[in-house]
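Listed below, chain by chain, are the residues.
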Amino acid sequence: MTKAAKGKRIVVFLDYDGTLSPIVNDPDLAFMSDEMRGAVREVSKYFPTAIISGRSRDKVKEFVKLDNVYYAGSHGMDIMAPPQQLTSDGKRRPLAIDRKGNEGSFQPAKKFLPAIQEIFTALEENTRKIKGARVEDNRFCVSVHFRQVREEDYDILKEKVKSVLENYPDFRLTWGRKVMEVRPCIEWNKGHALEYLLERLGLSNSSDVFPLYIGDDRTDEDAFKVIESRGQGYPIVVSSVAKDTKARFSLKDPKEVHTFLSHLARWRKGSSSSFSRSSAQIVGIDD
């Protein structure tokens, strides 16, 4: 990987849950470790770094607590840039207004906010009696967590969610890891967010850009597909088991993600450490 990336402009994209933090039963307790925060901080010193999550942007920022990264919440429907942008020459400069007229933030689904709040309220009411169900307001999407729901109640929960959506034809239901997510029917996902951020950085048409995307969820596949179609960079899935994915490489868990990011920063600093000496085994996935 270091050979392929040599002389290229690396951009780092990271999912949050299951990538920077472990998967937990209570989504409000998905804290990242101080060690992981330090690794992300180091990486963001040398490469433009973005965290693209299904959670609300503010929630992810509350967990991560770093000011020099891009935050893209609600599957990239709520993007906020850092106060200063890291450019390809390694310097930080104040933000410039992009060609869409956005200065620092971008919210392609803003008109759906009133309906999203209505859906959130209705889902809370309709699922209240299902033990273990948890409805989370992620601002531009609504997540219904069922990790703690009894298996025999899965179908009941699914039908209750679908019954609410019958009144909102402009919204669709998608699935993640033990979560149902209600999103506006717009052509926007984590892959589009990746493309937008590359454009924001002035790298969308660059032949020497090298994006790295690390994620564990089904929704991250949209970003993996974008990297695959560009023919530049590496999509990396976080999984301890074999799975159907567009990623080219894998890391087992957040612990290995931490090791990988730490060595990426060291490599950039010119340290004698290299990925080959890492305890994290980044595995190539056969076609």
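Each remark here, short or long, concerns the structure printed above.
Residues numbered from 1 in each chain as written. Predicted model: local features only at pLDDT ≥ 70, side-chain atom pairs only at ≥ 80, totals over all residues. Heavy atoms only, no water.

Engineer: Could you give an account of the pairing of strand 12 (residues 209–215), naming the residues involved and the relevant values?
Structural biologist: Along strand 12, seven of the seven residues are buried, which leaves the element largely enclosed by surrounding structure. Residues V209, P211, Y213 and G215 line one face of strand 12 and the alternating positions F210, L212 and I214 line the opposite face, and both faces are buried. Here six bridges tie strand 1 (residues 9–14) to strand 12, and the two strands are oriented parallel to one another. Paired with V12 across the two strands is L212, which belongs to strand 12. Relative to strand 13 (residues 234–238), strand 12 is paired through four bridges, and the arrangement is parallel. Each bridged residue has a counterpart across the sheet, and for G215 the counterpart in strand 13 is V237. In this view, the connection linking strand 12 to its parallel neighbour strand 13 by way of helix 7 (residues 221–230) has right-handed handedness. (Buried < 20%, exposed > 50% of the residue type's maximum accessible area, 1.4 Å probe, protein only. Helix = DSSP H or I, 4+ residues; strand = E, 2+ residues; numbered from the N terminus. Pairing = 2+ DSSP bridges. Right-handed = clockwise from strand over helix to strand, strands pointing away.)

Engineer: Got a sec to walk through the packing of helix 6 (residues 190–200) against helix 7? Specific residues and values, please.
Structural biologist: At their nearest, the axes of helix 6 and helix 7 sit 6 Å apart, and the two run at 50° to each other. Judged by the angle between their axes, helix 6 and helix 7 are oblique. Taken together, the residues of helix 7 that come into contact with helix 6 (itself represented by K190, G191, L194, E195 and L198) are D222, A223, V226, I227 and R230. Broken down by class, the residue content of the contact of helix 6 with helix 7 amounts to five nonpolar, one polar and four charged. (Axes fitted to C-alpha atoms, helices over the stretch in contact; angles between N-to-C directions. Parallel < 35°, antiparallel > 145°, perpendicular 65-115°, else oblique. Contact = heavy atoms within 4.5 Å. Nonpolar A, V, L, I, M, F, W, Y, C, P; charged D, E, K, R; others polar.)

Engineer: So, the pattern of salt bridges: which residues are in play, and what are the values?
Structural biologist: Taken as a whole and judged by the stated rule, the model has 19 salt bridges. Of the charged contacts in the structure, one is a salt bridge between R9 and D208, with a shortest N-O distance of 3.1 Å. Pair noted here: R9 is in strand 1 and D208 is in the loop between helix 6 and strand 12, with a separation of 199 residues, a long-range link. The class of R9 is partly exposed, set by a relative accessible area of 27%. For R150, the salt bridge is made with E152, and the minimal N-O distance between the two is 3.9 Å. One continuous salt-bridge network, built from bridges that share partners, spans D26, D28, K59, E62 and R134. (Salt bridge = Lys/Arg side-chain N within 4 Å of Asp/Glu carboxyl O.)

Engineer: Before we move on, can you summarise the packing of aromatic side chains with the specific residues and values?
Structural biologist: Scanning the model with the defined rule gives 12 aromatic pairs in all. Considering the side-chain rings of F112 and F171, the 5.6 Å spacing of their centres and the 80° angle between planes classify their relative orientation as edge-to-face. Remark: F171 occurs in strand 10 (residues 171–176) and F112 occurs in the loop between strand 7 (105–106) and helix 4 (113–127); sequence separation between them is 59 residues. With a centroid separation of 6.3 Å and 90° between ring planes, the pair formed by Y168 and F171 is classed as edge-to-face. Here Y168 falls in the buried class, since its relative accessible area comes to 18%. (Phe/Tyr/Trp six-rings, centres within 6.5 Å; stacked < 30°, edge-to-face > 60°.)

Engineer: Would you mind going over helix 3 (residues 57–64) in detail, with residue names and values included?
Structural biologist: Looking at helix 3, one finds that the buried residues are R57, K59, V60, F63 and V64. Viewed along the axis of helix 3, the buried residues span an arc of 165°, placing them on a single side of the element. Among the structural elements, helix 2 (34–46), strand 2 (49–52), strand 3 (70–73) and strand 4 (78–80) are those in contact with the buried residues of helix 3. Looking at the residues trailing helix 3, positive phi occurs at K65, about 60°. (Arc of directions from axis to C-beta.)

Engineer: Please give an account of helix 8 (residues 254–268) that cites residues and values.
Structural biologist: Between its first and last C-alpha atoms helix 8 spans 21 Å; for 15 residues at 1.5 Å apiece the expected length is 21 Å, and the two agree. Within the sequence span of helix 8, burial applies to P254, E256, V257, T259, F260, L261, S262, H263, L264 and A265. Structurally, helix 8 contributes buried residues whose contacts are with strand 1, helix 2, strand 12, strand 13 and strand 14 (249–251). Count one or two residues on from helix 8 and you reach G270, which has phi positive near 85°. (Expected span 1.5 Å × (residues − 1).)

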